[in-house]
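Architecture and fold: a report
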Amino acid sequence: MRSFEEEILEVESSAAQEGDQVTRAPVVTVMGHVDHGKTTLLDAIRHSRVAEREAGGITQHIGAYSVEINNSPGHEAFTLMRARGARVTDIVVLVVAADDGVMPQTREAIDHAKAANVPLIVAINKIDKANANPERVKTELSELGLTPEDWGGHTVTVEVSAKKQTNLELLLEMILLVTELGELKANPKRGAFGSVLEAKIDRGRGPIATILVKDGTLRIGDNFIAGSIVGKVRALIDDRGNKQEEAGPSSPIEVLGLTGLPQPGDTFQVVADASKARQISMLRQNQAKQKSLGEKGGRLTLESLQQQIDEGETKELPIIVKADVQGSAEVLADALGKLGDERVKVRLISSGAGAINEGDIVFAAASNAVIIGFNVRPDRNAAAMAEREEIDIRLHRIIYDVTDEIKKAMAGLLEPTV
Ligand code: GDP
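Residues numbered from 1 in each chain as written. Predicted model: local features only at pLDDT ≥ 70, side-chain atom pairs only at ≥ 80, totals over all residues. Heavy atoms only, no water.

- The name an unreviewed UniProt entry assigns to the protein chain is Translation initiation factor IF-2, chloroplastic, from the organism Geodia barretti.
- Recorded under Sequence similarities (unreviewed entry), the UniProt text for the protein chain is reproduced unchanged: "Belongs to the TRAFAC class translation factor GTPase superfamily. Classic translation factor GTPase family. IF-2 subfamily."
- Of the protein chain, the UniProt comment under Function (unreviewed entry) reads exactly: "One of the essential components for the initiation of protein synthesis. Protects formylmethionyl-tRNA from spontaneous hydrolysis and promotes its binding to the 30S ribosomal subunits. Also involved in the hydrolysis of GTP during the formation of the 70S ribosomal complex." (UniProt positions renumbered as here; feature names shortened; annotations may be inferred.)

Looking at the overall build of the protein chain
- Secondary structure summary: the protein chain contains 11 helices and 21 strands in total.
- Evaluated residue by residue, the protein chain yields a buried proportion of 51% over its 418 residues.
- When the accessible area of the protein chain is evaluated, it comes to approximately 19,200 Å², of which 50% is carbon and sulfur surface. (Helix = DSSP H or I, 4+ residues; strand = E, 2+ residues; numbered from the N terminus. Buried < 20%, exposed > 50% of the residue type's maximum accessible area, 1.4 Å probe, protein only. Areas by Shrake-Rupley, 256 points an atom, 1.4 Å probe, with all protein chains shown as cover.)

With respect to the nonpolar core
- Formed by 26 residues in total, the largest nonpolar core has its most connected members in I45, F78, L80, V93, I121, L171 and I175.
- If you list the elements that add at least two residues to this core, you get β2 (27-32), α2 (38-49), β3 (64-71), β4 (74-82), β5 (91-97), β6 (120-125) and α5 (168-178).
- Per element, the largest residue contribution to this core is 6 residues, and it comes from α5.
- Setting aside chain neighbours within four positions, we find I121 in contact with I91, V92, V93, L94, V156, L171, M174, I175 and V178.
- By size, the runner-up hydrophobic cluster in this structure holds 21 residues, among which are V321, A323, L336 and L339. (Core = buried A, V, L, I, M, F, W, Y, C linked by side-chain atoms within 4.5 Å. Contact = heavy atoms within 4.5 Å.)

Some thoughts on the packing of helix α8 (residues 326-337) against helix α11 (residues 399-411)
- Contact pair α8 / α11: the axes reach a minimum separation of 10 Å and the direction vectors enclose 30°. With respect to α11, the element α8 is oriented roughly parallel. Where α8 crosses over α11, the two elements pack in a sense that is right-handed. Between α8 and α11, the contacting residues are V331, L332, A335 and L336 on the first element and I399, V402, T403 and I406 on the second.
- Looking at side-chain class alone, the contact of α8 with α11 contains 7 nonpolar, 1 polar and no charged residues. (Axes fitted to C-alpha atoms, helices over the stretch in contact; angles between N-to-C directions. Parallel < 35°, antiparallel > 145°, perpendicular 65-115°, else oblique. Left-handed = near helix turned anticlockwise from the far one by under 90°. Nonpolar A, V, L, I, M, F, W, Y, C, P; charged D, E, K, R; others polar.)

Re the packing of aromatic side chains
- By the definition in use, this model includes 1 aromatic pair.
- A ring pair is formed by F224 and F268, whose centres lie 4.7 Å apart and whose planes are at 25°; its orientation type is stacked. Remark: F268 occurs in strand β17 (residues 267-270) and F224 occurs in strand β12 (residues 223-226); sequence separation between them is 44 residues. Here F224 and F268 have matching classes, each one buried. (Phe/Tyr/Trp six-rings, centres within 6.5 Å; stacked < 30°, edge-to-face > 60°.)

Focus: the sheet that holds strand β19 (residues 345-353)
- Ordered in space as β19-β18-β20-β21, the 4 strands form an open sheet in which the pairing is parallel. Each of the sheet's edge strands pairs with one partner strand only, and the pair in question is β19 and β21 (393-396). Taking the axes of each pair of neighbouring strands and ignoring which way they run, one obtains an average angle of 20° across the sheet.
- Across 8 bridges, the pairing between strand β18 (residues 316-323) and β19 is parallel. Bridge pairing in β19 places E316 opposite K345.
- Across the sheet, helix α9 (residues 358-367) is in contact with β18, β19, β20 (370-374) and β21; its angle to β18 comes to roughly 175°. (Pairing = 2+ DSSP bridges.)

Things to note about the site of the ligand
- Around the ligand, the surrounding shell holds 16 residues, and the nearest of these are D35, K38, T39, T40 and D128.
- Between the ligand and the protein, one listed contact pairs an oxygen atom with a backbone N or O atom of H36 at 3.4 Å.
- A distance of 3.2 Å separates an oxygen atom of the ligand from a polar atom in the backbone of K163.
- Relative to its unbound accessible area of 580 Å², the ligand is 76% covered by the protein chains.
- For the shell around the ligand, the element with the most residues is α2, which contributes 3 residues.
- When grouped by side-chain class, the residues that make up the shell around the ligand number 2 nonpolar, 7 polar and 7 charged. (Near = heavy atom within 4 Å. Polar contact = N/O pair within 3.5 Å; in protein donor to acceptor, adjacent residues only side chain to side chain.)

If you want it as structure tokens, here you go:
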């Protein structure tokens, strides 16, 4: 039987195939304070964009849908959804009610967009109301460093009324302008990878998850793991309520065929065979169990390594290496493999070239590994995910610094980073 590491490497390499990249639709997330009009805005855009004959699908309320726009360069689309546990988005549309102004969840949304390093545009909503005061909203935004464009700043603001459907076209245009259309890429030929938006038990149909496919193509019959839940795709239902055979990058889709309920925000990943999926599932369930038992068995970090060795919790330091070129990755892997003593040894989970991506985070989480980036950085989604999963990522530019840091960690000499 192949080892877990070998299987991980296999998924890694299949995920890393370049050359089949195509443009994908941007993912747009609506955020904002409660009652400022997120639901109304999502429904209004949906109604204005979905043809009447498809109106039946609207009641299905998947909470995420694809918006199609026919404008001068031709046909364009994006995926619009409400923010949930999953922090997967290319742009945030921040809804601020003009009669209420910036509120705590408005600030939270701004912080999220900043942390995820995604652009934000502001929909100043409810301008139909008599007490609407868009100028006050703009002042408050300016105070938070988001000076509106028409005040000489860089933040795009659009004054809308979701209720009266005012300026929705303008808002859609601005979304298209800001999302760097054509810049976003995905590889529809790889196995699907995504994020769980919501999950529920449906009477008769069993557990159903709505997922956002971030990359790859999901097909009926695919084995997958969602968080620590395994499954095999039995049916796919799109945002119009239609059954589909497959779902490509950026599509929101309902998946039937789960063995349990994953959590919103969980990663969703197609895995070549069912036994591998079950293996990862068991690992994750064990980790979840350990986590809930208290601080013991928490995420392995370089700082906590010594303590974990002392407590007899670990005898090895699992490491994932990503480097700018394959050659450096190999040199590093080789150098790291030589480190260690009778108490602790480096266990190389995988090494490869390219930016640290979400696949790396998934495997770091599944194997409790530390990630070393050599002349590379985590991409945007990976950074957000690493934070959520509490994965220790170390970035270096000099091989000596890497080995020095690992040696110090093994000796318990690492200064805590702030
Ligand atoms: P959410 O909590 O952000 O999803 O807010 P909702 O979409 O549920 O809206 C909260 C309330 O504001 C509802 O009663 C809506 O009808 C109302 N509302 C939303 N947008 C507008 C608008 O543009 N104008 C007016 N007058 N009311 C609105």
